[in-house]
Every structure is written in structure tokens, then in C-alpha cells.
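Architecture at a glance
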Amino acid sequence: MYKRLRLRNRADFSRVYRYGKSFANHQFVVYGCRRKDTEQFRVGVSCSKKIGNAVVRNRMRRMIKEIIRHREKEIVTQMDLIFIVRKGALDMTYQEMEKSLMHVMRKAALLKPNKR
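One numbering rule holds for all chains: residues counted from 1, following each sequence as written. Confidence filtering applies because this is a predicted model: local features only for residues at pLDDT of at least 70, side-chain atom pairs given and counted only at 80 or more, and all residues used for totals across whole chains, interfaces and linings. Side-chain numbers here rest on the full set of heavy atoms in the structure, without hydrogens or water.

1. Looking at unusual backbone geometry
With phi around 60°, Gln-78 is a residue other than glycine that occupies positive phi space. Checked against the element boundaries, Gln-78 lands in the loop between helix H2 (54-70) and strand S4 (79-85). We count a stretch as a helix when DSSP gives it H or I for four or more residues in a row; a strand needs E for two or more, and each element gets its number in order from the N terminus.

2. Some points on the pairing of strand S2 (residues 28-34)
Across the 7 residues that make up S2, a large majority, 6, are buried. The rule for pairing is simple: two strands pair if DSSP sees at least two bridges between them. As defined by bridge partners, strand S1 (residues 21-24) adjoins S2 across 4 bridges and the pair is classed as antiparallel. Looking across to S2, one finds that Ala-24 is bridged to Val-29. Linking two consecutive strands that pair antiparallel, namely S1 and S2, is a turn of 3 residues. Each residue is assigned to one of three classes by its accessible area relative to the maximum for its type, calculated with a 1.4 Å probe on protein chains only: buried under 20%, partly exposed between the two thresholds, exposed over 50%.

3. Quick look at the pattern of salt bridges
We define a salt bridge as a contact between a side-chain nitrogen of Lys or Arg and a carboxyl oxygen of Asp or Glu at a distance within 4 Å. Under the counting rule described, the total for this entry stands at 8 salt bridges. For Asp-37, the salt bridge identified is with Arg-35, shortest N-O distance 3.0 Å. In this structure, the salt-bridge partner of Arg-35 is Asp-80, at a minimum N-O distance of 3.1 Å. Taken together, the residues span a long stretch of sequence, with Arg-35 in the loop between S2 and strand S3 (42-46) and Asp-80 in strand S4 at a distance of 45 residues. The same class applies to Arg-35 and to Asp-80, which are both buried. Overlapping salt bridges bring together Asp-12, Arg-15, Arg-35, Asp-37, Arg-42 and Asp-80 as one network.

4. Topic: the sheet that holds S1
The strands that make up a sheet pair up through hydrogen bonds in the backbone, lying either parallel or antiparallel. The 4 strands lie next to each other as S1-S2-S4-S3, forming an open sheet whose pairing is mixed. Single-partner strands in this sheet number two, and they are S1 and S3. Strand-to-strand, the axes of this sheet are offset by a mean angle of 20°, without reference to chain direction. When S2 meets S4, the two strands line up antiparallel, connected through 7 bridges. Within the sheet, the bridge partner assigned to Val-30 lies in S4 and is Phe-83. In this analysis, axes come from line fits to C-alpha atoms, helices being fitted only over the stretch in contact, and the angle between any two N-to-C directions falls in the range 0 to 180 degrees.

Here you go:
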């Protein structure tokens, strides 16, 4: 995932947690907070130590970032997003994880409307 698409500092994470809205399913929680100062969205991923060791947590982060990278054009702009991984996501395949992420993002209205 490109550096310009990542949330990196603590102040940004704190702002999204404080002022953003949260939506969840059994595998993921997503916090979204609107920002006006940029055209692009930014993403942060949080995995608790309850999820597993560093190898497991980093694998989950990489998979989520890859899904976001592939679906970049479908996500609304001018947003900061934080994805929190729950234990239910550990045993999922890539396709199941993608489906679950899209579900929680649709629930949060973070996807652009289809032009049909």
C-alpha cells in the first residue's frame, strides 16, 4: 500500500477514534472520519496482541492492506479509516476476508455508489 494512503502518527489515530463513527461485524471494526484537506483516503490497521503473535498480526495487516489496495477505486475519498481485526478473522481465507471487509464497509457507507 502506498505511503500516501497510510495513517501513520498517533494524533491521526486518536482523532479518528475520538470523532469517527464505528461499524462492525464479527471479524472487523471500521472507524471512519471525514477530512476536507485532501482528495485521497488514508487507512490504518490495528491488531491487538490478543489476536496472536507478531507474525499473525502482521499477516492480517498485510492482507487487509492488499484488499484495500485492490479495491482502492471503490472507496470514498476524503476519509481516514481504521480497521480493527477481531479474532473471528484469523481462520478466514483471503476471499472470505475480502467479502467480510466489503460487508463492513458497505454497512458504514464507505463505498462509492455503483454507476449502473
